[in-house]
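# Survey of secondary and tertiary structure
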Amino acid sequence: MFNKVDGPVRLADRVAAMLTEEIESGRLTAGDKLPTEVELVKQLGVSRTVIREAVSRLRNAGLVEPRQGRGVFVLPRRTRPLDLEGDDTDATETKAKVLQIVEVRRAMEAEAAHLAATRARPADIVRMRAALAAIDTAVAAGGDGTDEDLAFHRSIAESTGNPVLVSTVHYLGEVSRGGIRVTRANEARRDDFFEAVRHEHQAILTAIESADPKAARTAARRHMKHAATRLQKADPEFWDEAEALDVDVDLDAGA
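The paragraphs below set out a description of the structure included in this document. (Residues numbered from 1 in each chain as written. Predicted model: local features only at pLDDT ≥ 70, side-chain atom pairs only at ≥ 80, totals over all residues. Heavy atoms only, no water.)

## Here's the deal with the packing of helix H5 (residues 122–140) against helix H9 (residues 191–209)
Note the cut-off: Axis lines are fitted to C-alpha atoms, over the contacting stretch for helices. Their N-to-C directions set the angle, which ranges from 0 to 180 degrees. A run of H or I in DSSP counts as a helix once it spans at least four residues, and a run of E counts as a strand once it spans at least two, with each numbered from the N terminus. Throughout, the term roughly parallel applies to angles under 35 degrees, roughly antiparallel to angles over 145, roughly perpendicular to angles from 65 to 115, and oblique to all others. Contacts were defined at the residue level, with two residues in contact if any of their heavy atoms lie within 4.5 Å. Any residue outside Ala, Val, Leu, Ile, Met, Phe, Trp, Tyr, Cys, Pro, Asp, Glu, Lys and Arg is labelled polar, Gly included; the first ten of those are nonpolar and the last four are charged.
Closest axis-to-axis distance for the H5/H9 pair is 10 Å, and the angle between their directions is 170°. One finds that H5 runs roughly antiparallel with respect to H9. For the pair formed by H5 and H9, the contact residues are Ile 125, Met 128, Arg 129, Leu 132, Ile 135, Asp 136 and Val 139 on the first element and Phe 194, Arg 198, His 201, Gln 202, Leu 205, Ile 208 and Glu 209 on the second. For the contact of H5 with H9, the class distribution of residues is eight nonpolar, two polar and four charged.

This is the structure we're talking about:
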């Protein structure tokens, strides 16, 4: 069914996009079972880790559902939000959509940080610290840090112990992945932007470590407010070239 996936860049993204296309095109329909993990590894020529991450993204996007002991099945199609695809999409619309995502994330992540500050256990704090350090490691290695950025915010949600919030934050992160790449691409263009993001992330973590819910909420809201401000400062050429910067602005694929 599938051809092998070559190239070192975000293999999980590419596999997820390939599987999504099979579903969107109708070649895989509601109730169909995906090939097994072993079959996908053989067909696509990637590791099990890549397959698992790709399937996880489809699950977070509400496209498939794992069923214990039976496999992974395609869910009924539904209207998918935050679509920036289409010939009519221009730089102005792209900018507007990305800023709208920031607004939603500001509300969601501020509450997650507030709850995390009241509920996080020592093990949760360790995971948050590791997730934060992973962003710098990824950037130093030449990456954009998008996956690591998402992982940091997810670690905050997971520390709340609220499975509904965790699922919502995971889903929002997946459907807004392209918008987050745009945000990080903009921040990577200026050293002051990059350092500001690092300090804002640290402020969120420090407030959670200090068990100060008010400070945590404020720090998270400030981070997203400043992310919007940084996007507003991006010049028109940045938005015109967003797709050429290797940032996927199809927000149905998942600062």
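Continuing now.
## A word on the side chain of His 153
What counts, and what does not: Under the rule applied, a polar contact is a pair of N or O atoms within 3.5 Å (in protein, one hydrogen donor and one hydrogen acceptor; residues adjacent in sequence only if both atoms are side-chain atoms).
Tracing the backbone shows His 153 in helix H6 (residues 146–158). Separated by 3.1 Å, the side chains of His 153 and Glu 109 make a polar contact.

## Considering the packing of helix H1 (residues 11–24) against helix H3 (residues 48–60)
We apply this condition: Crossing chirality is assigned from the near helix's rotation relative to the far helix, an anticlockwise turn below a right angle marking it left-handed and a clockwise turn marking it right-handed.
Remark: H1 packs on H3, axes separated minimally by 8 Å, with the N-to-C direction vectors making an angle of 50°. Taken together, the axis directions place H1 and H3 in an arrangement best described as oblique. In the packing of H1 onto H3, the handedness of the crossing is right-handed. Between H1 and H3, the residues in contact are Leu 11, Ala 12, Asp 13, Val 15, Ala 16, Leu 19, Thr 20 and Ile 23 and Val 50, Ile 51, Glu 53, Ala 54, Val 55, Arg 57 and Leu 58, respectively. Among the residues making up the contact of H1 with H3, the classes are represented as 11 nonpolar, one polar and three charged.

## A short note on the nonpolar core
Here is the rule: In this text, buried Ala, Val, Leu, Ile, Met, Phe, Trp, Tyr and Cys residues form a nonpolar core when linked through side-chain atoms within 4.5 Å. Only protein chains enter the accessibility calculation, which uses a 1.4 Å probe; a residue is then buried when its area is under 20% of its type maximum, exposed when over 50%, and partly exposed in between.
Residues Ala 113, Met 128, Phe 152, Ile 156, Ile 204, Ile 208 and Ala 216 are the most contacted members of the largest nonpolar core, which totals 23 residues. Among the elements of the structure, helix H4 (91–119), H5, H6, helix H7 (163–175), H9 and helix H10 (213–233) are those that each provide at least two residues to this core. Residue contributions to this core peak at six residues, all from H4. Once residues lying within four places of it in the same chain are set aside, the contact partners of Phe 152 are Met 128, Ala 131, Leu 132, Ile 135 and His 201. Counting 20 residues, the second largest nonpolar core, distinct from the first, contains Leu 44, Val 55, Leu 58 and Val 64.

Such coordinate-based values are descriptive only and should not be taken to indicate function.
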